[in-house]
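Tertiary structure, described
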Amino acid sequence: MSQCLEMTFRAMISSISDGIYITDSEGYCTAHNEAFQRITGIPINVVGRNVRTLIDDNFISESASLEVIRSGQRVSKVTLFPSGCEALVTGNPSFDEEGNLINVVCEVRDLSELNTLKDELKRAKQLNKQYREIIRNYSPTVPNATQKITVRDPKMQSILDELPRIGDSDATVLIYGESGVGKGLIASLLHEHSSRSNKGKFIKVDCSAIPSSLIESELFGYEGGAFTGARREGKSGLLDQANHGTAFLDEIGELPLFLQVKLLSVLQDHKILRVGGTVPLEMDIRFVCATNRDLEKMVDEGTFRKDLYYRLNVIPVAIPPLRERKEDIFGLTLSFLERFCQKYHRSLSFVPEAMDSLYEYSWPGNVRELENVVERLVVLSQTGLIEKADLPEKIRRANQAVILLDTDPAHPKERKIIPLKAAVAVTERLLIEGALQQYNHLGPAARALGIDISTLLRKCKKLGISRVAESAEMRLSLREVEIEK
Ligand SMILES: Nc1ncnc2c1ncn2[C@@H]1O[C@H](COP(=O)(O)OP(=O)(O)OP(=O)(O)O)[C@@H](O)[C@H]1O
């Protein structure tokens, strides 16, 4: 080989990023490039050494070139080098014209980069799978009320059956039911079933959530400069937004008396008068109202206008509490489970014993409470199964109470006997928790239990019931008692 050709040849080999080393037909290393040293990390000069001595000195565990010498064929091996690098070593034999082996050229390809790429590819594939899953579950439209409702109970089913007919008319609907039974859902279904859903919005107003000083301007809007702090250009009200659609007035029993008169005139004349305004505005609104209070009793007590009550009560719809339609519990639980498993990308199921406990519980907070319990279980569950032990304590305890309150006189001997004191405590707790959740205010809850507020608060403290007091008013009162004691 001419000197020039040899130099070109060496330059080529040293510019290759893979390691190259060459041995003669007996295994003596005759040359290598720089990449070989970088990749292998062998700390000695290998030129002139036989690869067998590299094995003896534990620099390499096996040799591709020795295999090639033995077999006369191309050989590939994955070898771990002192540098910590894993490399694919491929030995290629070269022969003279008579077919005698002259040398072995080994290519050493660093696999760590390849491994990193492999890991990245694996991660990308995993992400791809996750995204595909998310896209599959992604629904571009918010599920409408019809898709959201789950009903098995015949009473509820007959309410649902009537909705299309009620939805078609423009008559005012008054929905009765405890908090969380689904009054809002039924109201939005009514809107969906009416032709109004094509031309107007469904506007929900919670009359108990807006302070009475603001509710008039929120509902009816105001003219510019109507009161101190009012916007100069005035403001339209929530009822304006419901024009051609449906206004859902939740907790109508909380509407102050002076506004009851104003609402009555809207219902009669289909016109609204903004605060500070003089010209009534034509409005085309369908009213659906809801309450968990006894409006008839409020009429008798003079806190709700009789004329408004009759005007609202054109089509009454009573939604039973969940404890009176236990058939719905199973279906609701499964549909919430499916919804939240999708939301949190989990896969869970209930063991039958846990399902039994949900069935036994009295659900004072109704469907909303069940929905919250299922969401909490899905978020907190660490295994794929929801067991009875995972349920909130009050639900597990409910089974105990069911045994206690079982008054079937036919089987007195089967009733589990527990100490009287414990039975009284369980019963007291059950009734107090139920009353607090049902009435949401201390006064009515105490009245329903036949005790005064201070006794109720004392018992709450003794039984540690503060957690069920969900409204701000109750939390405040219960904390005050703790401070006093
Ligand atoms: N039959 C049902 N199927 C599915 N979800 C339901 C059903 N009934 C109620 N829900 C859900 O339970 C929750 C409470 O329902 P909603 O707000 O309609 O109750 P509500 O009676 O209007 O309560 P409140 O009187 O406190 O306003 C909502 O998230 C609702 O979607």
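Residues numbered from 1 in each chain as written. Predicted model: local features only at pLDDT ≥ 70, side-chain atom pairs only at ≥ 80, totals over all residues.

Focus: the nonpolar core
What counts here: Any set of buried Ala, Val, Leu, Ile, Met, Phe, Trp, Tyr and Cys residues joined through C-beta atoms within 7 Å is what this text calls a nonpolar core. Here a residue counts as buried when 20 or more other C-beta atoms sit within 10 Å of its C-beta, as exposed when there are 12 or fewer, and as partly exposed otherwise, the C-beta atoms being derived from the backbone. A run of DSSP states H or I qualifies as a helix once it reaches four residues; a run of E qualifies as a strand once it reaches two. Both are numbered from the N-terminal end. An automatic or database domain assignment supplies the start and end points of every domain.
In this structure, Ile175, Ala247, Leu249, Val288, Cys289 and Leu370 are the most contacted members of the largest nonpolar core, which totals 53 residues. It is helix 16 (residues 366–380) that provides the largest number of residues to this core, a total of six residues. Each of domain 2 (147–320) and domain 3 (326–484) accounts for three or more of the residues forming this core. Listed in part, the 18 residues of the second largest apolar core include Phe36, Val68, Phe81 and Val89.

Structural notes on the pairing of strand 2 (residues 29–32)
Along a regular strand, successive side chains alternate from one face of the sheet to the other. For the record, the criterion: Pairing between strands requires that DSSP locate at least two bridges from one strand to the other.
Two elements, strand 1 (residues 19–24) and strand 2, share three bridges in a ladder whose sense is antiparallel. In the sheet register, threonine 23 faces strand 2, and the bridge partner there is cysteine 29.

A closer look at the site of the ligand
Heads up, the condition is: Residues are counted as near a molecule or strand when the C-beta atom, derived from backbone positions, lies within 6 Å of that molecule or strand. Classification convention: Asp, Glu, Lys, Arg as charged; Ala, Val, Leu, Ile, Met, Phe, Trp, Tyr, Cys, Pro as nonpolar; all other residues, Gly among them, as polar.
Near the ligand you find 18 residues, and of these Ser179, Gly182, Lys183, Gly184 and Val367 are the closest. Here the shell around the ligand is built from residues that sort into six nonpolar, seven polar and five charged. Split by domain, the residues of the shell around the ligand number at least three in each of domain 2 (147–320) and domain 3 (326–484).

Observations concerning the UniProt feature "domain: PAS" (unreviewed entry) in the protein chain
Quick note on the threshold: UniProt positions are given in the numbering used here, feature names are shortened, and annotations may be inferred rather than shown by experiment.
Following the UniProt record, the feature "domain: PAS" (unreviewed entry) maps to residues 5–42 here. Annotated as 47% helix and 26% strand, the span residues 5–42 places its first and last C-alpha atoms 29 Å apart.

Some details on unusual backbone geometry
The backbone of histidine 270 sits at a positive phi, close to 55°, despite the residue not being glycine. Following the sequence through the fold, histidine 270 ends up in the loop between helix 11 (257–269) and strand 11 (271–272). Positive phi outside glycine occurs at histidine 345, with the angle close to 55°. As for its placement among the helices and strands, histidine 345 is situated in the loop between helix 14 (327–344) and strand 15 (349–350). Of the residues examined, histidine 345 has 10 C-beta atoms within 10 Å and is grouped as exposed.

Considerations on the sheet that holds strand 4 (residues 86–95)
The line we're drawing: Fitting a line to C-alpha atoms yields each axis, with helices limited to the stretch in contact; the angle taken between N-to-C directions then spans 0 to 180 degrees. The contact criterion used here is simple: two residues whose C-beta atoms, placed from the backbone, lie within 7 Å are in contact.
Spatially, the five strands line up as an open sheet ordered 2-1-5-4-3, and their pairing is antiparallel. What marks the edges here is a single partner per strand, and that holds for strand 2 and strand 3 (75–80). Strand after strand, the sheet turns through a mean of 25° between neighbouring axes, direction not considered. Contacts from helix 4 (residues 64–71) reach strand 1, strand 3, strand 4 and strand 5 (101–110), with the element oriented near 35° to strand 4.

Notes on the sheet that holds strand 13 (residues 286–291)
In space, the five strands of this open sheet follow the order 7-10-13-6-14, with parallel pairing throughout. The open sheet has two edge strands with one neighbour each: strand 7 (202–206) and strand 14 (315–318). Neighbour-to-neighbour, the strand axes of this sheet turn through a mean angle of 20°, independent of strand direction.

Topic: the packing of helix 14 against helix 16
Defined as follows: Roughly parallel here means an angle under 35 degrees, roughly antiparallel means over 145, roughly perpendicular means 65 to 115, and every remaining angle is called oblique. If you view the pair so one helix is near and one far, a crossing is left-handed when the near helix is turned anticlockwise from the far one by less than a right angle, and right-handed when it is turned clockwise.
It is at 9 Å that the axes of helix 14 and helix 16 come closest, and there the two elements cross at 45°. Taken together, the axes of helix 14 and helix 16 are oblique relative to one another. Crossing geometry of helix 14 relative to helix 16 is assigned as right-handed. Residue-level inspection shows Ile329, Leu332, Thr333, Phe336, Leu337, Phe340, Cys341 and Tyr344 of helix 14 in contact with helix 16, the latter providing Val367, Leu370, Glu371, Val374, Glu375, Val378 and Val379. Split into classes, the residues belonging to the contact of helix 14 with helix 16 amount to twelve nonpolar, one polar and two charged.

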